[in-house]
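Observations on the three-dimensional arrangement
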Amino acid sequence: MHIIFQCPVCGRQSMSAPQSPQAAVGCECGWSRNEGAGDFAGGSLSRCRICGCEDLWRQKDFPPALGLFFVAMGIILSSVAWSKHEPALALGILMGFALLDMLLYTFMGDMLVCYRCRARHRKTAMDDHHPKFDLEVAERYRQQERRSQEKAGSQPSER
Ligand SMILES: [Zn+2]
Ligand SMILES: [Zn+2]
């Protein structure tokens, strides 16, 4: 498992790759959390390994920037072919990149993202029916965060 998270203590973007799925996770600054056994239910990850939040959404572990890059490359290369009067090649290139994009998307695994702290759990065991992103749940966490910021006396961030 790989977890990409923002450390709750030092605030740095950090990555943790625990020895076993249930082993402790931690940051270079010394923060660590060792509640792995409780984070799994029936072998699937059911809680955020960073903050213990039970709401996680499932999404493709596929960086959107990479998908955009393929689309852009396809367009650039096919317009080169088009300008050299090779319409069949231009079309082939476009279709090739679209196919590559689709294949990658299909074969990349899923990851689980925490609604509360946004930690990303990659290469983890998960329930096949784990729900995808839900706007209502996200909104609930957003408001909770705002309330706790107000309580802490700091201004809510404008986003
Ligand atoms: Zn830290
Ligand atoms: Zn979390």
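Here, the structure is the one placed above.
Bear in mind the structure is a predicted one, so any value in this text is a computation, not a measurement. (Residues numbered from 1 in each chain as written. Chains lettered and ligands numbered in written order. Predicted model: local features only at pLDDT ≥ 70, side-chain atom pairs only at ≥ 80, totals over all residues.)

**What about the overall build of the protein chain?**
Within the protein chain, the secondary structure is distributed over 4 helices and 9 strands. In the protein chain, the succession of α and β elements from N to C terminus is β-β-β-β-α-β-β-β-α-α-β-β-α. For 159 residues, the compact-globule formula gives about 15 Å, and the C-alpha radius of gyration of the protein chain, at 21 Å, lies well above that figure. Reported as C-alpha extents along the three principal axes, the dimensions of the protein chain are approximately 65 × 40 × 30 Å. (Helix = DSSP H or I, 4+ residues; strand = E, 2+ residues; numbered from the N terminus. Rg over C-alpha atoms; globule rule 2.2 N^0.38 Å.)

**Quick look at the sheet that holds strand β9 (residues 120-122)**
Judged by pairing direction, the sheet is antiparallel, and its 5 strands sit side by side in the order β2-β1-β9-β8-β7 without closing on themselves. Only two strands of the sheet have a single partner each, and these edge strands are β2 (13-16) and β7 (56-60). Looking at each pair of strands side by side, their axes are set apart by 25 degrees on average, direction ignored. Two elements, β7 and strand β8 (residues 110-114), share 5 bridges in a ladder whose sense is antiparallel. Among the inter-strand pairings, L56 is bridged to a residue of β8, identified as C114. (Pairing = 2+ DSSP bridges. Axes fitted to C-alpha atoms, helices over the stretch in contact; angles between N-to-C directions.)

**Remarks on the pairing of strand β1 (residues 2-6)**
Side chains I3 and F5 project from β1 onto a buried face, and the interleaved H2, I4 and Q6 project onto a face without burial. Looking at chain direction, β1 and β9 are connected through 3 bridges and run antiparallel. For I4, the partnering residue across the bridge sits in β9 and is R120. Pairing of β1 with β2, which is carried by 4 bridges, proceeds in the antiparallel orientation. Paired with I4 across the two strands is M15, which belongs to β2. (Buried ≥ 20, exposed ≤ 12 C-beta atoms within 10 Å, placed from the backbone.)

**Some details on the pairing of β2**
Side chains of β2 alternate between two faces, with S14 and S16 buried and Q13 and M15 left unburied. From the end of β1 to the start of β2, which pair antiparallel, there are 6 residues, and G11 there has a positive phi angle of about 80 degrees.

**Description of the environment of T124**
Summarising the element assignment, T124 is placed in the loop between β9 and α4 (135-151). Sequence spacing of T124 and F5 is 119 residues, and the spatial spacing of their C-alpha atoms is 15 Å. When near neighbours in sequence (up to four residues on either side) are disregarded, T124 contacts M1, P21, L45 and L112. (Contact = placed C-beta atoms within 7 Å.)

**Section: unusual backbone geometry**
Peptide bonds are mostly trans, and most non-glycine residues show a negative phi. With a phi angle near 60 degrees, H85 is a residue other than glycine that sits in the positive phi range. As for its position among the elements, H85 is in the loop between α2 (64-83) and α3 (87-107). For K123, which is not a glycine, the phi torsion comes out positive at approximately 50 degrees. Its place among the elements puts K123 in the loop between β9 and α4.

**Details of α4**
Counted at 1.5 Å a residue, the expected span for α4 with its 17 residues is 24 Å, and the 24 Å between its end C-alpha atoms agrees. Trailing α4 by a residue or two, G153 shows a phi angle of about 90 degrees, which is positive. (Expected span 1.5 Å × (residues − 1).)

**Observations concerning α2**
A rise of 1.5 Å per residue sets the reference length of α2, with its 20 residues, at 28 Å; its end C-alpha atoms lie 29 Å apart and thus fit the reference within 8%. The first or second residue beyond α2 is H85, which carries a positive phi of 60 degrees.

**Structural notes on the nonpolar core**
Counting 14 residues, the largest nonpolar core has I3, I50, L56, C114 and A119 as its most contacted members. Counting only elements with at least two residues in this core, the list comes to β1 and β8. The biggest single contributor to this core is β8, with 4 residues. For L56, the residues in contact, after removing those within four places along its chain, are C48, L112, V113, C114 and Y115. (Core = buried A, V, L, I, M, F, W, Y, C linked by C-beta atoms within 7 Å.)

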